[in-house]
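Geometric and topological summary
In case you want the letters, here they are:
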Amino acid sequence: MELSTILQAILLTADQPLSLEQLEQYFLPEEGISRGAIRSALHTLQTASAGQSFELKETASGFRLQTRVEFQPWVQRHHDERPQKYSRAFLETLALIAWRQPITRAEIEEVRGVAVNANVIKTLLERDWVRVIGHKDVPGRPEMLGTTRHFLDYFNLKSLDELPSLADMQTLDVDKLQLELLG
């Protein structure tokens, strides 16, 4: 059996992205499957998925197979749950945390010019898109917020370097971003 086909089966049934190290654990030492062989097989799988309804995507946590964006209108129909809509305040807060991390709630409020609703931060923490990464060394020691691997995985990013530039974000159409998030 071809290694790329075995990896395809593993990734199709995985609940989350799998790193090279995790994929390597699926094979017994006597099978002689090296990390290089896995990388090569993943490349083969990526090439083979061209023109298919799915693609191999590498995120911060590893590799996963996912439906291509252009097929989402049909795939979403078999999900009972409607995708959550996010408010402008939620999206602005998330964007500020992503681009300016580490950042405190007060700094977010200063940039936005309005108070941050506690539910926005709570939702970001619950979704595991944001976490407390420390405390600022000022009176009151406010929490500093930053994004998580789950945030990167959800938005199909390998690292924060793949975020669009702030200049691109200034011309952002929030309704367009909402549609991308719903996908």
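The structure this text deals with has already been given above.
Anyway, here's the lowdown on the structure attached to this text. (Residues numbered from 1 in each chain as written. Predicted model: local features only at pLDDT ≥ 70, side-chain atom pairs only at ≥ 80, totals over all residues. Heavy atoms only, no water.)

1. Description of the side chain of R68
Applied cut-off: The helix and strand labels rest on DSSP assignments: H or I over at least four residues marks a helix, E over at least two residues marks a strand, and numbering proceeds from the N terminus. The classification of residues rests on relative accessible area computed with a 1.4 Å probe and restricted to protein chains. Under 20% of the type maximum is buried, over 50% is exposed, and intermediate values are partly exposed. In the analysis that follows, any N or O atom pair within 3.5 Å is treated as a polar contact, provided that within protein one partner can donate a hydrogen and the other can accept it, and provided that, for residues neighboring in sequence, both atoms belong to side chains. The contact definition used throughout considers only heavy atoms, calling two residues in contact when any of these lie within 4.5 Å.
Looking at the secondary structure, you find R68 in the loop between β2 (63–67) and α4 (72–75). Judged by its relative accessible area of 18%, R68 falls in the buried class. From its side chain, R68 meets the backbone oxygen of S49 in a polar contact 2.9 Å long. If sequence neighbours within four positions are ignored, R68 has contacts with S49, A50, G51, Q52, S53, F54 and E55.

2. Quick notes on the nonpolar core
Formally: For the purposes of this section, nonpolar cores are sets of buried Ala, Val, Leu, Ile, Met, Phe, Trp, Tyr and Cys residues that join through side-chain atoms within 4.5 Å.
Counting residues in hydrophobic clusters, the biggest one holds 21 residues, and the most contacted among them are F90, I97, I108, L124, W129, V130 and F151. Mapped by element, the contributors of at least two residues to this core are α5 (88–100), α7 (118–126) and α8 (149–154). Tallying contributions element by element places α5 first for this core, with six residues. Leave out the neighbours within four places in its chain, and I108 touches T93, L96, I97, I103, V116 and L145.

3. Quick word on the pattern of salt bridges
Side chains that carry opposite charge are capable of pairing whenever their charged atoms lie near each other. Stated precisely, the cut-off is as follows: In what follows, salt bridge is the name for a side-chain nitrogen of Lys or Arg lying within 4 Å of a carboxyl oxygen of Asp or Glu.
Across all of its chains, the model carries ten salt bridges by this definition. Close ionic contact of E55 with R68 constitutes a salt bridge, the shortest N to O distance being 3.5 Å. Pair noted here: E55 is in strand β1 (residues 54–58) and R68 is in the loop between β2 and α4, with a separation of 13 residues, a long-range link. Note on accessibility: E55 and R68 belong to one class, buried. Here K136 and E107 are joined by a salt bridge, their closest N and O atoms 2.4 Å apart. A residue pair is termed long-range when its members are at least 10 positions apart, and K136 in the loop between β4 (130–135) and β5 (143–147) and E107 in helix α6 (residues 105–112) qualify at 29 residues.

4. Remarks on the packing of α5 against α7
This is how the line gets drawn: In this description, a line fitted to the C-alpha atoms serves as the axis of each element, helices being fitted only across the stretch in contact, and the angle between N-to-C directions of two axes falls anywhere from 0 to 180 degrees. Our angle categories are set so that under 35 degrees counts as roughly parallel, over 145 as roughly antiparallel, 65 to 115 as roughly perpendicular, and the remainder as oblique. It is the rotation of the near helix from the far one that decides the hand of a crossing: anticlockwise by less than a right angle makes it left-handed, clockwise makes it right-handed.
Put simply, α5 and α7 touch, their axes get as near as 10 Å, and they point 60 degrees apart. If you check the angle between α5 and α7, you find them oblique. The hand of the α5/α7 crossing is right-handed. For the pair α5 and α7, the contacting residues are A89, F90, T93, L94 and I97 in the first and V120, I121, T123 and L124 in the second.

5. Regarding the packing of α5 against α6
Rule in force here: Classes in brief: Ala, Val, Leu, Ile, Met, Phe, Trp, Tyr, Cys and Pro nonpolar; Asp, Glu, Lys and Arg charged; the others, Gly included, polar.
Relative orientation of the contacting elements α5 and α6 amounts to 115 degrees, with a least axis distance of 10 Å. In this structure, α5 meets α6 at a crossing whose hand is right-handed. Of α6, the residues touching α5 (which contributes A89, E92, T93, L96, I97 and R100) are I108, V111 and R112. Taken together, the residues that form the contact of α5 with α6 break down as five nonpolar, one polar and three charged.

By themselves these figures say nothing about function.
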